[in-house]
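# Per-entry structural report
Below are the chains, spelled out letter by letter.
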Amino acid sequence: MSRSWTTPFRVSCVVVCLTVGACSSLPPSPYSDGVDAIVLVPGIEDRQPRFREIFCTILEERGKDLPDVRPCDEALTRVNHVPAERRADVDLGRSDRGLVAVIAQGVGWDCFSGWLGITDSIADHLRRFGYDSMVVPVESLSSSERNAELIRDTIVSLE
């Protein structure tokens, strides 16, 4: 490459990166109390307290076996400041429901996944408790419509 081509190219790349970065907004802090209230449509039940109860029970009982565990109040942000409630015991026994976590990889996944050294540790962990997981092959640089079709086709083809 000649020097006259690379300098304008580099300047253009910097300008594009700065422009894209300037147009994005900062994400809300995951640890702030300033989370907007959720407005529910009539007939929709807010199950967030029960989710918190189950999630926190799992952390208390099994957290010592997890590599990146942290306290429940750090892991979950309270929304609507809903107090914890005790509806029923949390059954941490092995599941017999045959549920499968279907994971669709994100934007650019096939470009950088080789660098991550991915193992099957999540699937192994889930199987210990009667669940399974699978990864849906999507085209990470395709349209949302195309990837939705791929996800739908994969799920429909499951037994």
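Just so it is clear, the model here is predicted, and its values are computed rather than measured.

What counts and how
Residues numbered from 1 in each chain as written. Predicted model: local features only at pLDDT ≥ 70, side-chain atom pairs only at ≥ 80, totals over all residues. Heavy atoms only, no water. Helix = DSSP H or I, 4+ residues; strand = E, 2+ residues; numbered from the N terminus. Contact = heavy atoms within 4.5 Å. Areas by Shrake-Rupley, 256 points an atom, 1.4 Å probe, with all protein chains shown as cover. pLDDT = per-residue confidence, 0-100. Phe/Tyr/Trp six-rings, centres within 6.5 Å; stacked < 30°, edge-to-face > 60°. Buried < 20%, exposed > 50% of the residue type's maximum accessible area, 1.4 Å probe, protein only. Salt bridge = Lys/Arg side-chain N within 4 Å of Asp/Glu carboxyl O.

A word on the overall build of the protein chain. Each helix and strand counted, the protein chain has six helices and two strands in total. Listing each helix as α and each strand as β along the protein chain from the N terminus yields α-α-α-β-α-α-β-α. For the protein chain, long-range pairs separated by at least 24 residues make up 72% of all intrachain contacts whose partners lie at least 6 apart in sequence. Accessible surface computed for the protein chain: about 12,700 Å², of which carbon and sulfur atoms make up 59%.

This part is about the confidence of the model for the protein chain. Here the protein chain averages 77 in pLDDT, while 72% of its residues score no lower than 70. Highest mean pLDDT in the protein chain belongs to helix H6 (residues 144-157) (90); lowest belongs to helix H1 (residues 3-23) (61).

Using the criterion set out here, one finds one aromatic pair in the structure. Seen in terms of ring centroids, Phe51 and Phe55 are 5.8 Å apart; in terms of plane orientation they differ by 20°. Their pairing is stacked. Here Phe51 pairs with Phe55, and both are found in helix H2 (residues 48-62), just four residues apart, close to one helical turn. Given the relative accessible area of 26%, Phe55 is considered partly exposed.

Now for the pattern of salt bridges. Under the defined criterion, the tally for this structure stands at nine salt bridges. Measuring nitrogen to oxygen at the nearest pair gives 3.2 Å for the salt bridge that ties Asp73 to Arg52. Here Asp73 is found in helix H3 (residues 72-75), whereas its partner Arg52 is found in helix H2, with 21 residues between them in sequence. Residue classification places Arg52 among the buried positions, given a relative accessible area of 9%. The shortest N-O distance in the salt bridge between Asp124 and Arg127 comes to 3.1 Å. A residue pair is termed a helical-turn pair when its members lie 3 or 4 positions apart in one helix, as Asp124 and Arg127 do in helix H5 (residues 121-127) at three residues. Via salt bridges that share partners, Asp120, Asp124, Arg127 and Asp132 belong to a single interconnected network.

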